[in-house]
Each structure stands twice: as C-alpha cells, then as structure tokens.
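# Per-entry structural report
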Amino acid sequence: FFAPRMSWCLLLHADCSLLLELLSREEIAMASVSYHISNLLEKMTSTDKDFRFMATNDLMMELQKDSIKLDEDSEKKVVAMLLKLLEDKNGEVQNLAVKCLGPLVNKVKEYQVETMVDTLCSNMMSEKEPLRDISSMGLKTIIAELPPSSTGLSLTVNVCKKITSQLIGAIGKQEDVSVQLEALDILSDMLSRLSGTLVSFHASILSSLLPLLTSSRLAVRKRAIIALSHLVSSCSSALFTQLAEHLLAELSSGQVTSATRTYIQCLATISRQGGHRVGEHLEKIIPLVVKYCSVEDDELREYCFQAFEAFVRRCPKEMSCHISTIVKLCLKYITYDPNYNYDADEEDEDDSMDTDNEEQESDDEYSDDDDMSWKVRRSSAKCLEAVISTRRDLLLELYGSVAPALVARFREREENVRTDIFLAFIALLRQTRAPPGHLAPTEYGAKEDPALSQLKKQVPSIVKALHKQLKEKSIKSRQGCFSLLTELASVAPGALADHIPALIPGIVYSLTDKSSSSNMKIDALSFLYVLLCNHPPEVFHPHIKIFLPPVVRCTEDPFYKITSEALLVTQQIVKIVRPLEKPTSMTFDVRPYVKDLFSATLQRLKAADIDQEVKERAISCMGYIICHLGDQLGADLQPTLQIFLDRLKNEITRFSAVKALTLITASPLKIDLRPVLPEGIQILGSFLRKNQRALKLSTLSALTVLVTNYSDSLKPSMMESVVNELPALISESDVHVSQMAIALLTCMTKVCPSSLTKIGGTVLPEVLHLVHSPLLQGGALGAIVELLQALVVNKASNISYNELVKSLTGPFFGSQKSAEPVHRQSYYSVAKCVAALSTACPNEASATISNFIQEVKATRTSESARILSFLCLGEMGRSMNLGGQKELKTVILEAFSSSNDEVKSAASCALGNICVGNLKEYLPFMLKEIGSQPKRQYLLLHSLKEVISASTAEKLKPHVEEIWALLFKHCECAEEGTRNVVAECLGKLTLVNPAQLLPQLKKQLSSGDFLKTLQDPDLNVRRVALVMFNSAAHNKPALIRRLLGTVLPALYKETQIRKELIREVEMGPFKHTVDDGLDIRKAAFECMYTLLDSCLDGLDIFDFLNHVEEGLKDHYDIRMLTFIMLARLCALSPAAVTQRLDRLVEPLRATCTTKVKAGSVKQEFEKQEELRRSAMRAVAALLSIKEIQQSPVMVDFASLIHSNTEMATIFESIQKDTSSTACATETMDTS
C-alpha cells in the first residue's frame, strides 16, 4: 500500500522541483542583476568622486548589454540616481551619467522615460547654467536613442509630444537667450530625426519660430532658421505656404534691415531642405531677391546669391525663365572687388613696395578684415557652378558667356574665391563630357561636339591664365590648377599638346618644392599621369630629361601614396619613351633614361616591408620596363626575372606578378625567359587549382601567351602540370573560365601537340560534355570549334575525325541516346562542331554528309536525330558546296510537311545555310519555291533570311533586284508572322547596298519618312514605328537625339488610354473587356524607358514624369514598366521625383493595398503579388532619396507598410536584395 503511493509522491515532488527551478531561473537572474545594480547605486552616493565615477562607468557597461533586464524597483532607482548625478559636482561623473541615459531608454518602461524627460526639461529652465547644459545634452541623448516612429511604438510619439510642448514654452522665454538657444538646438534635433511624429505640433512650432527671425541675437536667428529648415521637409503644404507668405510679406516691405538678411538666408536654407516646395512661390520671390542684389550691403548680396544657388539646384524647372537674369548678375558680381585694382601693372606693384614708411602706415589704415566683397564673389561663383551643373542644355551659351569670364577671374586675389572659380570651371568641363550614347566624331560621319570645339578654342587662354599660378607659393591654388587641368586633359585629349613646355615647369616645381604637402605632390603626379595618357608620346620627348628625375625621386618618398602614384607615372613614361605600337617611326634615344627608370623601380620591387599598393605598382611598372626596354637591361634582366618568380610564390603579390608576366611574354622584344620557364610554368599550373577566379583567368591568359611565343622552349614534361589541371576548369558552371582553358588547349595543339598525347581520356570528355550543355554559346562555342579543328589538323591526340563526330552526335542517335532530354541549344552547338571538323577534313566529310542524308530519309530515325542531321547538313553546307547531293532539295522540302515544328524549323535553317555555300544553284530554287508554294512560304522566307544574314554583300549583289521584287510581293501577306519575316529580310537586304535600297524602301512608305509613320492612322503601323524608334534609341541613340523635339509629342500621345479602343467581348455568359490600344501603349512606355538611359539630356523630366504618373494607374503590364521607370528616375533625377512625390505616392499606395477578390484564379493572385513587389521596389528607391525620407506623405506610407505584416515582410526582403546587389533599380533590355 505504501510503496506505490511513495513513488507517486516522489515523482510529483521531482516535477514540482523542476517547475520551480524553471520559474525561478529568470527571477534568480533578475535578482542577481538587481543586487549588482544596488551595489553600484550605493557606491554612487559615496563622497569619493572616483567611487562615483567607477560605479557610473560600471553601470553604463551593464546597460549596454543586450541581455540585461531590470525589475520595476531597479528601474526606478537607476533613473532617480542618474538624474541626481546630473547635478554632481564632478564634470566627468555628469558626462558619464548623460551617456547612461541613451542605453537606458530601451531598457526601462515608458513612464520611466517620461519621468527622465520631465526632469530634464524642468532642469533646462534652471538658473544654473551647468545644469541647463548637461540637461540639454541628456535630452539630445534620449532623442538620438528613441526608435523611429515607423516602428509603430507609442514610446517615441509620447516622449516627443512631452518634450515639444515644454520646448515651445522654453523658446518663448525671451529674457533668457541661453535657454532659447538650447531649446532651439533640441527642437532641431527632434525635427531632423522624428519630425513625422510631431505633425500635431507643426503649427505651434512654426508660430513660435517665426518671431525669433527678428531676434536681436544673431545666434537665435540662425538656430531658428535651422529649425525651420527641418520643419519644412515634413510639414503640410498649407504650413509651408504660410511660412513662404510670411517671408514674402516681410521682404516686400522694401526696408533693408538686419532682419532682411535673415529672411533671405531663411529662404535659401528652406529651399535647400524642401526646395521643390519653393517652386510655386518663385515668381514672387525672384524679383524681390534680384532687387536686394543692388543694395550696397555685401552680406545681403552674399545671401541673395546663396538663395539663387539653392533655387537653381532644387527647382530647375521653375527657374528656367530666370536663368539668364541670374547668370548676368553672377557675371557682374564675380568681378566685384571695389578695393583692388587688377589692372595695375608690375611696375606699379614694384613702386608700391618701395614706398616709405609713412605711406605704408596710411595704407594700413584700410584692412582686408573690413572687406566683405570676397564673399559676394565667392557666392556668385558657386551660383554659376549650380547653373552649369544643372543646365547641360545651355552648354554652348555658357561657353560663349560664362567660360571667358571664369578664365578671366583665374587671377582672383582671394584664395577661397579662386578655388570656387576653379570648381565652377571644372563643372563646365564635366558637362562637356559626351553623355552615354553620343556618337564619337569618327562614327557615321558625326561632327565634333560644338561645346568641345568651343573648349579647344579657349585652351590657350586657360593655359596662359594658369601656368604662372602653378609656381605660386599657395598650395591650395596649385591644387586647384592641377584639378582643373586634369579634368581638361581627360575631357579634351590632345588639346594641351602645344602647351606642354608651359606646363612642365609647374609640375616639376610642385614635385621638388620642399614646402609642397603630400597631397600637392599626389595631385601633380596625377595630372602628369593623365597628361601622359591623353597625348601623343612625341610631344613629351624633349622634356623627359626635365621631369623624369623628380618623378624618380618621388618613387623613393617615405609616404606610400606618393610612391604609388610616382610608380604609375613611371610606368606611363616607360610606354612613351619606347611605344611598341609604332617602333619604326621612333627616333628618340631611350638609352640615357633606362638606368634611372630601372634602378628606381627595382629598389621598390626588392623592398619587402612596403605597402601592398606600392608592391603591386612596382611589379606592374617593372613588367612594363622589361616589356618595353628588356633588350637594354643586359645582365640585370635575369636577376629581375628571378625576383618575379619570388613574387609569384607570394600569395599577396602573385596576382600582380601573373599580369606582369603576361606583359613580358607578349613583348615583341622576345625576352629570354628560358632560365625561369620550368619553375615559372609549374607555379602557374598550381594557380589553376586555386579557388580565386581572377587568378585563374589571368593565369590562363599568361599561359596562352607563353605557349604562343615560347613554344620552342617548352618540353612536354614542363606542360604536364598545366594539362593535368585543365579538365577541372572545363565545366558549364563557369563558361568564361572554360573558354580560356579551351583557348589554351587550342594554342598548345597548334604549337606543341606533343604535350597533349593523353588528353583523350581526361580533357576531351569534359569538352564534349560542355558541347552538349544548354549554356554553351558565343565565345566559348567558338573556342571549342577552333580546338576540334586544331586536334584533327595537327593530329594532336590519338582520336580520329570519325571518333570525334561519333562522340558529338552519339547522344542524339539510337542506343546511345541520352536518358536526359537534350536542350535545343546543344543541337546548334553540335552542328557547328561537326561542320568545323568536316571543313578541316574534307576527304572524310563526304561520307558523313551521306550518312546524315540517309538519317533524314529513314522513317525509323528519331526526331532528335532528324533535327540534328538537318542542322549539321546546313552548317556543313554553309562552308562547302553540297551541289553534288542531288536528293537534298527533295529531302528538305519533304521535311517542310513534317508534323514536328522543330524538324520543319531545322530543315528551313538547313536550306538557308546550304544556299549560302551554293548561291548559284540554291538561290533561284528557293526564290521559285517562295513564289509557287504559299503553304511553305513562311519556312522558305526564314531560309531566305538566313541567306541574307550570312552571305557577303559582294555575293548577294547580283541577286538583290530579284530578291527585292519577291519580298515586296509578299509584304502585304495576311499572316503577321510572314510579314514580320519579310520585314527582317528587307532590313537586312537594305544593308547590302544602303545607298541604292534605302531610298527605295522610303519610297514604299506613304509618307516617305519613317518618323511620319508615328502619325499614321493605322494603329499597327504606329506600333511598329514605335518599335523601330525604340530599337534606334537603344542601339544608335545619337541618330535620334536631334529628332526628339518632333518625336516626343507623338510618343507621349500614345501613352494615353483611349476609350474608343476599349471594347467588350461576350464569351458565353461572361463579358470580357479587350483594350486594342494596350500593345501600342506598351511600345510607347518601352520607348520612354530606353530614352531614360540613352537620351536623358534630351528629355524634359517633368513632362516625362506626367506620363509616368498616368502609367502608374494603367494596365498590369504598363504599371510593371512604370514602377521600374520610377525606380530608375530616383537614381537619375531625384530632385524632379521629389517635386512630384505627392502625386506619385497615391498610385503606389493603391497598388500595395489592393486585394484580389476571393475566388479569383491563381494567376490573378500571382499578378497582384508581382505588382506589389514591383511597387515596393519603387518605394525602396524613393526612400533612398534623403529629402523624401522626411516627407509626411512618405512617412505615413512607410508606417502603413510597417504596420502590415505581409507588406513589411515583402519590403524587408526587397531592401535586403537592394543592399546586397548594390543597385537599387532594375535594368531592362527593350531593344
């Protein structure tokens, strides 16, 4: 009776113990923390300041741990103690207490944070200045730690409201300026970080800030402006209008007071922060600011130009009509220097220096400290830079009016102003760079960019204005000169060729002057490098003896960045003293300079304790020296090559050494490498198994060049280590590495076939496996074709032609047929390989051709074998005449009736290719069949397209008239597919003889002009015209750039939904809506996307955005396109997107919140999911613009996304994708 009861009791006791243990563990942990905290709090009350300091420091360390949890009592005690320590007599203890408040915010309950805030706010009103300061720091610390409002936590909202209400009261305390300043600082901090949570306070904040703009204290006015600037980025439009109207009313009074400066400064600042909103008020603002420019007050003028600069940068569209006025004002005031005579000649300057003491004393009565005119000149230069940077469309006008004025001001006496003038001119040079898609002057008869021509005319005056300054003592001025000249040399290569004698002394001065800073030397070397790269070698030859010694000395500089830059310049000097591209025309004697170049580089090459960048540059530089000057090195050559071997063995330098060896082996000087080849090849072979792709590729490249140029020095035993590593490199997992490995094999097959006797069982199976891969195409396929030809021609292995053909075609035939389905691409790859082998072995090829014909004819042949046979016959027929195979035509035509579409397609392709190799016999036959066989027309036209694509213009010319006439007979065929093939044939045929055929093609258009087809009444004609225009914009943007003015209106018109093209179709009991205009709208939006990438400078972005906005509300396909376009626009024109934000967010919100009706088909759910993801990508792109992050509309939308679990998950995954790919927008090929 007792035994079972006892065991039950024991079990119950054990369970209870376990439960109690689990329950108490957390409590024990919390109790342990509470005990530790209590000890620290006790020490904080010590009279010894060191005890208090150490205890507070320990508390901070505890609070920074993620695992710490405080009970309610501990929270209360810690908060109370820290607030008490803010009044500690020791400053270090106070500072530590403030630092503790930050981590404490997220460790205690909300009401404790509110307690801290209340105490700190009341302390801010204290009469004790130290307490006010430390409390102010405490509030800033708490604000910095508050979680963003988008997380949806009430803590941030409640705390912000509590602080704000108290701050507004503090700001109103006119009698205590220091309290006002602290309150303004904290308010600015809150508005910059958490403005979205203070929307309900925005009006009262504005009301309290506006009176401060007239404060007697400058510091108060400035901080009020900063607070207002943070407010405008997130306040409502009504509040912004209230602020703008207040400033306008004050400025319209006409009286110039100290407040006038404040108001204009405020305009400039709010424009920088919320610039797009100022746009609608600019018509009233600009005349007022222009008027104040004429007031004799330099500080006021400075603020006026700062305001203009902000308007130009933030409201480019609205400022268009005011640009000329602003440029005139800038040009007037950039020369405004009433206290200095620039025209005084040097004699006057000398005389003034010889004046007696009395005259000097009278001069000293005027001090430059009183002269504020330099600020006016600097602000006008910055304003000009803003105009130049934002208005590329005015480039020619700017070169006419602004460029000469800037060049004239290079002599500016004030260093800061001169720097900004240089920056403005550099902006002009950068705008002169041709945007992507512009034709190079040599292409298609394109003329040189007029802006570049204007720049080249001004080069003499630029050099004249700068070359003296290159020898000035001022380092800042010289750096500015070098930056400008570096940009000039890059933008206009060759333009400085006539001015090298004037520039070299300035470069040498900066490299040799003892007072030159490290940055000064680096800038001088950078300029010299760009100069050497962008000008012909001959122009430098007379000056090498002048600039080489200082460059060599710089390679010995202790600062690694100077050494690195000097080695890069040395490398370029090596290339220009003996350019290998045109050695015959060179008369320059390089011998006097070889020793200096070699010794300086060798010293750095040998050094082991130098910076990684210097090591790499030294290796590269020595590579160029041996490549260009190896025959001049004599006994120094072999020891240097031994150093290269050592660098190959070093993991850090091996990559650079491989690239340098590639250079050396490719040198036309045929450097003697025999002593280092055996060991070098072995090391290179070992690199092929390293898990470093770039090293593998460089090694393969080096080995290929080595085998090509040094085959007579290579023995099979030396190459064995390389050959053994190749099978592992040939794989579809990395087609490019495979291509390089196969190219090396081909090279070895041609020049040292004895090294490849054993590849039949190792490398070749991998090559054949790759041939059957669906990923094989392009360069890799070409490399395999070349290898197979080389193998049979050079008899490099024991594998015969027949064995190779059998291995290639085996998976498609009979019993060897692979269990896995063969991808379509592998048919084409195998066909090309078989044709290449047949071309190399014409004697064996005839039997192969007969076999393929028999396979095609045989009824038992599988479909895959038939398809491959046709493709092989076609590829073989392209390179050899198959006229002797009489039954071939019949066999192909019979295949056109096959039930298998792929067989028909292969037969069509075969006919076209066979015709390429035998135009005389097959082309008349094909043209006759096209005319007489309407059922086979589509396939025969595909064959004809193949003929036109693959035949040379010379061979086709006799047949052009006949083909042209036939194609025009079929261009009105009822089937759209046939018409499309005819169109492709006509396009390709026109390229055979454009001068004759293009006018004929244009004549066939009713309008006679391709672009007029954009207004054609037929919808399909307009759609195809847009497709054509899109192709031109994608492939040859320079051809359509000047036509944008006429094309864009027609293009934009096609983006609109037209109700007359929407119809309802009855499908049984259901009604289905059909939009006949959808395809043309898609074509129009695709064109718009292409123009964004290729012709951005020719678009009015605001007009463009109007149509993007409409697309955001259109059909699924259009919306997907416009979401991508919007993301792209965020990167290309963030200012324009910001201005239109309110109109862009609504359709995005609608897409993200739309739900599919219950009971809809699966495709509807998938489409909505895709739409939502695409819209979220656009939202992520919008949030990458800093200004948009503060917008109330966007803050509200972001909160909506974060509050919905499903949307939040999607958004987070998109953000991760964006950060991992480092590319926030999608790219799309719409060619």
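Residues numbered from 1 in each chain as written. Predicted model: local features only at pLDDT ≥ 70, side-chain atom pairs only at ≥ 80, totals over all residues. Heavy atoms only, no water.

The chain is annotated in an unreviewed UniProt entry as Cullin-associated and neddylation-dissociated 2 (putative) of Scleropages formosus. As stated in UniProt under Sequence similarities (unreviewed entry), the record for the chain gives "Belongs to the CAND family." (UniProt positions renumbered as here; feature names shortened; annotations may be inferred.)

Moving on: the overall build of the chain. Within the chain, the regular secondary structure consists of 61 helices and two strands. The proportion of buried residues among the 1231 residues of the chain is 50%. For the chain, contacts bridging at least 24 residues in sequence account for 74% of all contacts bridging at least 6. Entry remark: accessible area of the chain is about 57,500 Å², with carbon and sulfur atoms responsible for 52%. (Helix = DSSP H or I, 4+ residues; strand = E, 2+ residues; numbered from the N terminus. Buried < 20%, exposed > 50% of the residue type's maximum accessible area, 1.4 Å probe, protein only. Contact = heavy atoms within 4.5 Å. Areas by Shrake-Rupley, 256 points an atom, 1.4 Å probe, with all protein chains shown as cover.)

This part takes up the environment of Val 79. Topologically, Val 79 is positioned in helix α3 (residues 72-85). Measuring from C-alpha to C-alpha, the distance between Val 79 and Thr 115 comes to 8.3 Å, with 36 residues separating the pair along the chain. Every residue in contact with Val 79, bar those within four places of it in the chain, is listed here: Leu 104, Val 108, Gln 112 and Met 116.

Moving on: the environment of Ala 80. Note that Ala 80 resides in helix α3. For Ala 80, a relative accessible area of 44% corresponds to the partly exposed category. A C-alpha to C-alpha distance of 8.4 Å links Ala 80 and Met 116, two positions 36 residues apart in sequence.

What follows covers helix α7 (residues 154-171). Think of an α-helix as turning once every 3.6 residues; residues three or four places apart then point the same way. Across its 18 residues, α7 extends 26 Å between first and last C-alpha, which sits within 8% of the 26 Å expected from 1.5 Å per residue. Residues of α7 that are buried include every one of Leu 155, Thr 156, Val 159, Cys 160, Ile 163, Thr 164, Leu 167, Ile 168, Ala 170 and Ile 171, and no others. Seen along its axis, α7 keeps its buried residues to an arc of 165°; they face one direction. Its buried side turned inward, α7 meets α4 (91-105), α5 (110-124), α6 (129-145), α8 (177-194) and α9 (202-209). (Expected span 1.5 Å × (residues − 1). Arc of directions from axis to C-beta.)

As a further point, take the confidence of the model for the chain. Counting all residues, the mean pLDDT for the chain is 81, and 90% of those residues have values of 70 or more. Predicted confidence in the chain is weakest over helix α18 (residues 357-364), with a mean pLDDT of 39, and strongest over helix α25 (residues 518-533), with 93. The low-confidence segment residues 439-445, where pLDDT is below 50, has eight contacts with residues more than four positions distant or belonging to other chains. Below pLDDT 50 for its whole length, residues 815-819 participates in seven contacts with residues either more than four positions away or in separate chains. (pLDDT = per-residue confidence, 0-100.)

A separate point is the pairing of strand β2 (residues 1070-1075). Where strand β1 (residues 1062-1067) and β2 come together, six bridges link them in antiparallel fashion. Paired with Arg 1063 across the two strands is Val 1074, which belongs to β2. The loop that links β1 with its antiparallel partner β2 comprises two residues; one of these, Gly 1068, has a positive phi angle of about 65°. (Pairing = 2+ DSSP bridges.)

Let's shift gears to empty space enclosed by the protein. Per the counting criterion, the structure on display carries three cavities of 30 Å³ or more. Approximately 150 Å³ is the volume found for the largest cavity. In terms of lining residues, the largest cavity is bounded by 15 residues, among which Leu 661, Leu 677, Gly 680, Leu 684 and Leu 706 are the most central. Of the residues belonging to the lining of the largest cavity, the class tally is twelve nonpolar, three polar and no charged. Contributing to the lining of the second largest cavity are Arg 824, Tyr 827, Tyr 828, Ile 867, Leu 871, Glu 902, Ser 905 and Ala 906. Going through the elements one at a time, α39 (824-840), α41 (863-879) and α43 (901-917) are the ones with two or more residues in the lining of the second largest cavity. Its residues assigned to classes, the lining of the second largest cavity comprises five nonpolar, one polar and two charged. (1 Å grid on protein atoms, 1.4 Å probe; cavity = no way out; pocket = protein on both sides within 12 Å on 5 of 7 lines; lining within 4 Å. Points joined across faces, edges and corners; volume = space filled by probe spheres on them. Nonpolar A, V, L, I, M, F, W, Y, C, P; charged D, E, K, R; others polar.)

Below, the discussion takes up a nonpolar patch on the surface. On the surface, Leu 998, Phe 1010 and Met 1028 cluster together into a nonpolar patch covering about 220 Å² of accessible area. Tracing the backbone through its elements, the reader meets Phe 1010 in the loop between α49 (994-1004) and α50 (1019-1035). (Patch = residues over 30% accessible without salt bridge, like charges linked within 9 Å, V, L, I, M, F, W, Y side chains within 5 Å. Salt bridge = Lys/Arg side-chain N within 4 Å of Asp/Glu carboxyl O.)

We now examine the packing of α6 against α8. Axis separation between α6 and α8 bottoms out at 10 Å; the angle between their running directions is 5°. What the angle tells us is that α6 and α8 run roughly parallel. Of α8, the residues touching α6 (which contributes Arg 132, Asp 133, Ser 136, Leu 139, Lys 140, Ile 143 and Ala 144) are Ser 178, Val 179, Glu 182, Asp 185, Ile 186, Asp 189, Met 190, Arg 193 and Leu 194. Taken together, the residues of the contact of α6 with α8 sort by class into seven nonpolar, two polar and seven charged. (Axes fitted to C-alpha atoms, helices over the stretch in contact; angles between N-to-C directions. Parallel < 35°, antiparallel > 145°, perpendicular 65-115°, else oblique.)

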